[in-house]
Amino acid sequence: KKRRNPQIPRSLVDSRRERFYTSAVSTYSSMEAGVMATTSAATNREQQRTILARPGKYLTFKLGEELYAVDILKVQEIIGMQSVIRIPKTPQYVRGMINLRDRVIPIIDLRLKFDMEHKEDTRRTCIIVLQVSVDTRQVIIGAVVDEVSEVIDLNQDELQPAPSFGSALDTHMIIGIGRTKEKVIMLLDADTLLSTEEIFSLKEVARQAAAQTRPQE
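The notes below deal with the structure included here. A quick note: this is a predicted structure, and the numbers were derived from the prediction, not measured.

**Description of the pattern of salt bridges**
Part 1: Under the counting rule described, the total for this entry stands at 9 salt bridges.
Part 2: Two residues, arginine 101 and glutamate 77, come together in a salt bridge whose shortest N-O distance is 2.3 Å. In this pair, arginine 101 is assigned in the loop between β4 (94-100) and β5 (103-109) and glutamate 77 in strand β3 (residues 75-80), connecting sequence segments 24 residues apart.
Part 3: Classification of arginine 101 by relative accessible area gives exposed; the value is 62%.
Part 4: Glutamate 77 gets classed as partly exposed once you look at its relative accessible area, which sits at 24%.
Part 5: Between arginine 124 and glutamate 147 there is a salt bridge, with the nearest N and O atoms lying 3.4 Å from each other. With a gap of 23 residues between them, arginine 124 in the loop between α2 (110-113) and β6 (126-134) and glutamate 147 in strand β8 (residues 147-154) connect regions that are remote in the sequence.
Part 6: Arginine 124 gets classed as partly exposed once you look at its relative accessible area, which sits at 44%.
Part 7: Glutamate 147 sits in the partly exposed class, given a relative accessible area of 23%.

**Digging into the sheet that holds β4**
Part 1: Strand order in this open sheet of 5 strands is β3-β6-β7-β5-β4, and the pairing throughout is mixed. Every interior strand has two partners, whereas the edge strands, β3 and β4, have only one. With direction set aside, neighbouring strand axes in the sheet form an average angle of 30 degrees.
Part 2: Pairing of β6 with strand β7 (residues 137-145), which is carried by 9 bridges, proceeds in the antiparallel orientation. Among the inter-strand pairings, valine 134 is bridged to a residue of β7, identified as arginine 137.

**Describing the packing of aromatic side chains**
Part 1: Counted according to the given criterion, the structure contains 2 aromatic pairs.
Part 2: A ring pair is formed by phenylalanine 61 and tyrosine 68, whose centres lie 6.0 Å apart and whose planes are at 15 degrees; its orientation type is stacked.
Part 3: Between tyrosine 68 and phenylalanine 114 the ring centres are 5.7 Å apart and the planes differ by 40 degrees, which places this aromatic pair in the tilted class. Residue tyrosine 68 is found in strand β2 (residues 66-71), and its partner phenylalanine 114 is found in the loop between α2 and β6; the two are separated by 46 residues along the sequence.
Part 4: Classification of tyrosine 68 as buried rests on a relative accessible area of 12%.
Part 5: Taken together, the ring pairs in this structure connect Phe61, Tyr68 and Phe114 into an aromatic cluster.
Part 6: Over the ring of tyrosine 93 we find lysine 113, and its NZ or CZ is 4.5 Å from the ring centre.

**Focus on the pairing of β2**
Part 1: Both strand β1 (residues 56-63) and β2 contribute to a ladder of 6 bridges, which runs antiparallel. Its bridge partner lying in β2, leucine 59 is registered against valine 70.
Part 2: Connecting β1 to the next strand, β2, in antiparallel fashion are 2 residues, including glycine 64 with a positive phi near 65 degrees.

**Digging into the nonpolar core**
Part 1: Membership of the largest hydrophobic core comes to 30 residues, with the highest contact counts inside it found for Phe61, Leu110, Phe114, Leu130, Val132 and Leu188.
Part 2: Counting only elements with at least two residues in this core, the list comes to β1, β2, α2, β6, β7 and α3 (196-213).
Part 3: Looking at this core, the element that brings in the most residues is β6, giving 5 residues.
Part 4: Once you skip the residues sitting within four places of it in the chain, valine 132 turns out to touch Arg137, Gln138, Val139, Ile141, Ala190, Asp191 and Ile199.

Calculation notes
- Residues numbered from 1 in each chain as written.
- Predicted model: local features only at pLDDT ≥ 70, side-chain atom pairs only at ≥ 80, totals over all residues.
- Heavy atoms only, no water.
- Salt bridge = Lys/Arg side-chain N within 4 Å of Asp/Glu carboxyl O.
- Helix = DSSP H or I, 4+ residues; strand = E, 2+ residues; numbered from the N terminus.
- Buried < 20%, exposed > 50% of the residue type's maximum accessible area, 1.4 Å probe, protein only.
- Pairing = 2+ DSSP bridges.
- Axes fitted to C-alpha atoms, helices over the stretch in contact; angles between N-to-C directions.
- Phe/Tyr/Trp six-rings, centres within 6.5 Å; stacked < 30°, edge-to-face > 60°.
- Lys NZ or Arg CZ within 6 Å of the ring centre and 35° of its normal.
- Core = buried A, V, L, I, M, F, W, Y, C linked by side-chain atoms within 4.5 Å.
- Contact = heavy atoms within 4.5 Å.

Here it is as structure tokens:
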């Protein structure tokens, strides 16, 4: 005798199909929602990076062959290289301090701060004196650069988001990319060139060094 396959009630088949369809739709909806959330988060991060770089005037300068810029409103003045008083027990990127019109200003070397190769000063080397915001205070620092180029005016269409290199590289000080017909410029946030701890530590060391070098009456 031939064995007959047991007959499965049609209602049970329909019920299983319905559960499978419902589960599949639910899974697809969850995946789609996840993709949309990820896309939305990425878009928000992209927009946030773009917002950091504002249209306006920027002072451009060179480090090696690369072109960088800072908001012109952060620039106090540009001075030629001068004698710098070395400060002991400071990071390699700290050149020292200068006395600018009776004001002690810590000087950092941007090449070394960015882990670039050391380069001897030339007649084009100069110091950009910057006023940076630290918490609620304004602090003056000097940044040594290879060469100051020019002041440019960037509009919204010439601004692009800061590049994302993942967690391997620290790019928090880059707020965007400026693109003109001939140039690609890395836009820097002057307020984040040094951390709060670094700035106050340098200011205190500079103050102590200045007190020690002040001629006694």
